[in-house]
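# Understanding the architecture of this molecule
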Amino acid sequence: MAIVEKHSVTIRGHRTSYSLEKPFHDDLVAIAASREMALAALIAEIDENRPRDANLSSALRLYVLDWAKRR
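What comes next is a walk through the structure.

Parameters and conventions
Residues numbered from 1 in each chain as written. Predicted model: local features only at pLDDT ≥ 70, side-chain atom pairs only at ≥ 80, totals over all residues. Heavy atoms only, no water. Salt bridge = Lys/Arg side-chain N within 4 Å of Asp/Glu carboxyl O. Helix = DSSP H or I, 4+ residues; strand = E, 2+ residues; numbered from the N terminus. Buried < 20%, exposed > 50% of the residue type's maximum accessible area, 1.4 Å probe, protein only. Axes fitted to C-alpha atoms, helices over the stretch in contact; angles between N-to-C directions. Parallel < 35°, antiparallel > 145°, perpendicular 65-115°, else oblique. Contact = heavy atoms within 4.5 Å. Nonpolar A, V, L, I, M, F, W, Y, C, P; charged D, E, K, R; others polar. Expected span 1.5 Å × (residues − 1). Arc of directions from axis to C-beta. Polar contact = N/O pair within 3.5 Å; in protein donor to acceptor, adjacent residues only side chain to side chain. Pairing = 2+ DSSP bridges.

Moving on, we come to the pattern of salt bridges. A complete count under the given rule lists six salt bridges for this structure. Note that Glu-21 is salt-bridged to Arg-61, the shortest N-O span being 3.0 Å. With a gap of 40 residues between them, Glu-21 in strand E2 (residues 14–21) and Arg-61 in helix H3 (residues 56–69) connect regions that are remote in the sequence. Given the relative accessible area of 18%, Glu-21 is considered buried. Residue Arg-61 is classed as partly exposed on the basis of its relative accessible area of 21%. Between Arg-70 and Asp-66 there is a salt bridge whose closest N-O contact spans 3.0 Å. Bridged by salt links that share partners, the residues Arg-12, Asp-47 and Arg-50 form one connected network.

This part is about the packing of helix H2 (residues 39–49) against H3. One can describe the packing of H2 onto H3 by two numbers: an axis separation of 10 Å at closest approach and a directional angle of 105 degrees. In this view, H2 runs roughly perpendicular relative to H3, as classed from their interaxial angle. Contacts between H2 and H3 involve Leu-42, Ile-43, Glu-45, Ile-46 and Asp-47 from the former and Leu-56, Ala-59, Leu-60 and Tyr-63 from the latter. Along the lines of polarity and charge, the residues of the contact of H2 with H3 split into seven nonpolar, no polar and two charged.

Time to look at H3. With 14 residues, H3 extends 20 Å from end C-alpha to end C-alpha; this agrees with the ideal 20 Å at 1.5 Å per step. Leu-56, Ser-57, Ala-59, Leu-60, Tyr-63, Val-64 and Trp-67 are the residues of H3 that are buried. End-on view of H3: buried residues confined to an arc of 165 degrees, all on one side of the axis. H3 presents Leu-62 and Lys-69 as exposed residues on the side facing more than 90 degrees away from its buried surface. The opening residue of H3, the one whose side-chain oxygen lies 3.1 Å from the backbone nitrogen of Ser-57, is Asn-55.

Moving on to the pairing of E2. With eight bridges connecting them, strand E1 (residues 4–11) and E2 associate as antiparallel partners. In the strand pairing of E2, Thr-10 is matched with Arg-15. Remark: two residues form the turn of the hairpin made by E1 and E2, two consecutive strands paired antiparallel; Arg-12 in that turn has positive phi of roughly 50 degrees.

Structure below.
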């Protein structure tokens, strides 16, 4: 089982953090690269579109899962 790692990012001018297992984080980095965008920009996009009752870490995991299913 992968250990959860905490990461910090600045989105829309404020610092925030999220916690992801390394495989999820690696895939998130790969998705950002494939879309030719900065990781922070991808995280901001996901954050902007997530339901307000979902936390950022969960939204990131679900985004990666959805991306993997569509491939």
